[in-house]
Amino acid sequence: MTHQTHAYHMVNPSPWPLTGALSAFLLTSGLIMWFHFYYTLLLATGLLASAMTMFQWWRDVVREGTYQGHHTPPVQKGLRYGMVLFIISEIFFFAGFFWAFYHSSLAPTPQTGGHWPPTGILPLNPMEVPLLNTAVLLASGVTITWAHHSLMEANRKESAQALLMTIALGAYFTYLQMSEYSETSFTISDGIYGSTFFMATGFHGLHVIIGTTFLATCYIRQQMYHFTSSHHFGFEAAAWYWHFVDVVWLFLYISIYWWGS
Amino acid sequence: MASRLLRGAGALAAQALRARGPNGAAAVRSMASRGGVPSDDDQATGLEREIMLAARKGLDPYNILPPKGASGTKEDPNLVPSVTNKRIVGCICEEDNSTVIWFWLHKGEAQRCPSCGAYYKLVPHQLAH
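Residues numbered from 1 in each chain as written. Chains lettered and ligands numbered in written order. Predicted model: local features only at pLDDT ≥ 70, side-chain atom pairs only at ≥ 80, totals over all residues. Heavy atoms only, no water.

The name given to chain B in an unreviewed UniProt entry is Cytochrome c oxidase subunit 5B, mitochondrial, with the source organism recorded as Aotus nancymaae. Its UniProt record gives chain B a comment under Sequence similarities (unreviewed entry), which states: "Belongs to the cytochrome c oxidase subunit 5B family." Recorded in UniProt for chain B, the comment headed Pathway (unreviewed entry) runs: "Energy metabolism; oxidative phosphorylation." (UniProt positions renumbered as here; feature names shortened; annotations may be inferred.)

Per an unreviewed UniProt entry, chain A is named Cytochrome c oxidase subunit 3, and its organism is Aotus nancymaae. The record held by UniProt for chain A lists under Subcellular location (unreviewed entry) the comment "Mitochondrion inner membrane". Per UniProt, chain A has the following entry under Catalytic activity (unreviewed entry): "4 Fe(II)-[cytochrome c] + O2 + 8 H(+)(in) = 4 Fe(III)-[cytochrome c] + 2 H2O + 4 H(+)(out)".

Have a look at this one:
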């Protein structure tokens, strides 16, 4: 039998890239059908297909790494590069929305009344719930660092507790933000203020939900003893992503909630 | 073709289930003394474990580290292992050179780098396993 003489992982053929591409097609065409014709079946199928793709693809990655030992040091290095590059791409994604906000708010046009916030817009008070949200996310950054150090020190109980606290804080942020959304006097269709506010904070909120889900997955894996004290890249990737989400919020808070009010 | 892809995923599942080793009891005991989180010693498996154990002995069977250069003289050529009769060599003639000199090294007499003249000799290898 011929074995490899290198330390890399030649992945077995897999159907998930194909199902992922198909689900992307269903999601995009589904959005169109929903926006224009109020028809939801395509979108629902796309959401189900993409969720199943993600679950099965990442389940296979866990099987290959944790259960089969394919994640050698060079492979782990590649995964690290991958996560870093992905987060950088997300930074550029948010840069677009911040550009839109600053483009319109730095030089307010006659249409806004020549000032920012535009005439008639009552912004949320940055010293109320938005400030609490800032504290919640900053605290969650502390708890996840605590969880990481506990994991590296092989302390199972504290690592699990700190991770659970991080997840709880993330969920609390989402709950607070959702209640804030119902409190605004403006909607997404209320001019450029509404558009920039809800696009930027909306996508941020989606990323908080994604990050919380990633952390919850880490919690389950930790309970199943997947992580060792020296090899736990899935956890580190989740932590990096979580810190990224926190930093984006800080920029949002300072730019839109505070300076923009 | 789709069925072959699905069979691949199924094989992965079967392998994963069989990969849970028989050392559960020993692993739990050593985990408990540490604080409950397993170590790589407890639970690294497969290629990762093989590389970890070899590295402890100072070995690099999977060529993770770059090869150490010999003096490259006719008497002491750089020995280049190969599983076939030829292998591509990339010579970094002087340290920090960014232009790598690439050439095929064939079985037989030692060849010289076309740029710096260092000697290289192919050493045919059987795959050990």
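A. Region of interest: the overall build of chain A. Across its full length, chain A carries seven helices and zero strands. Across chain A, helices and strands are ordered from the amino to the carboxyl terminus as α-α-α-α-α-α-α. Counting only C-alpha atoms and orienting by the principal axes, one finds that chain A spans roughly 75 × 45 × 30 Å. In chain A, the proportion of contacts linking residues at least 24 apart, taken out of those at least 6 apart, comes to 73%. Accessible surface, chain A as shown: approximately 13900 Å² in total, 73% of it carbon and sulfur. Separation of charge centres in chain A, based on 7 positive and 11 negative side chains, amounts to 19 Å. (Helix = DSSP H or I, 4+ residues; strand = E, 2+ residues; numbered from the N terminus. Contact = heavy atoms within 4.5 Å. Areas by Shrake-Rupley, 256 points an atom, 1.4 Å probe, with all protein chains shown as cover. Lys, Arg positive; Asp, Glu negative; His and termini not counted. Charge placed at Lys NZ, Arg CZ, Asp CG, Glu CD.)

B. Fine view of the domain arrangement of chain B. By domain assignment, chain B separates into domain 1 (39-67) and domain 2 (69-128). A separation of 26 Å is found between the C-alpha centroids of domain 1 of chain B and domain 2 of chain B. (Domains from an automatic or database assignment.)

C. Examining the sheet that holds strand β1 (residues 78-82) of chain B more closely. Pairing is mixed across the open sheet formed by three strands, whose spatial order is β1-β5-β4 (chain B). The open sheet has two free edges, formed respectively by β1 and β4 (111-112) of chain B, since each of these has just one partner strand. (Pairing = 2+ DSSP bridges.)

D. Structural detail: the UniProt feature "domain: Heme-copper oxidase subunit III family profile" (unreviewed entry) in chain A. UniProt records the feature "domain: Heme-copper oxidase subunit III family profile" (unreviewed entry) for residues 4-261 of chain A in the present numbering. With 76% helix and 0% strand, residues 4-261 of chain A has its two end C-alpha atoms placed 61 Å apart.

E. Region of interest: the UniProt feature "transmembrane region" (unreviewed entry) in chain A. All names here are of chain A. With numbering matched to this structure, UniProt assigns "transmembrane region" (unreviewed entry) to residues 16-35, 41-58, 79-102, 129-147, 159-177, 197-220 and 240-260. Helix makes up 100% of residues 16-35 and strand 0%, and the two end C-alpha atoms of the span are 28 Å apart. Structurally, residues 240-260 is divided into 95% helix and 0% strand, and its ends, taken at the C-alpha atoms, are 28 Å apart.

F. Representation of the domain arrangement of chain A in the model. Residues and elements named next belong to chain A. We note that the domain assignment places domain 1 (1-70) and domain 2 (71-258) within chain A. Distance between the C-alpha centres of domain 1 and domain 2: 24 Å. Facing the eleven residues of domain 1 at the interface are seven residues of domain 2. Regarding the contact of domain 1 and domain 2, the summed buried area is about 730 Å², with carbon and sulfur atoms giving 63% of it. On the domain 1 side of the contact with domain 2, Ala7, Thr66 and His70 bury the most area, a combined 41% of that side's loss. Counting across the domain 1 and domain 2 interface gives zero salt bridges. Along the contact surface separating domain 1 from domain 2 lie five residue pairs in polar contact (both at pLDDT 80 or more). (Buried area = accessible area lost by both parts, 1.4 Å probe. Salt bridge = Lys/Arg side-chain N within 4 Å of Asp/Glu carboxyl O. Polar contact = N/O pair within 3.5 Å; in protein donor to acceptor, adjacent residues only side chain to side chain.)

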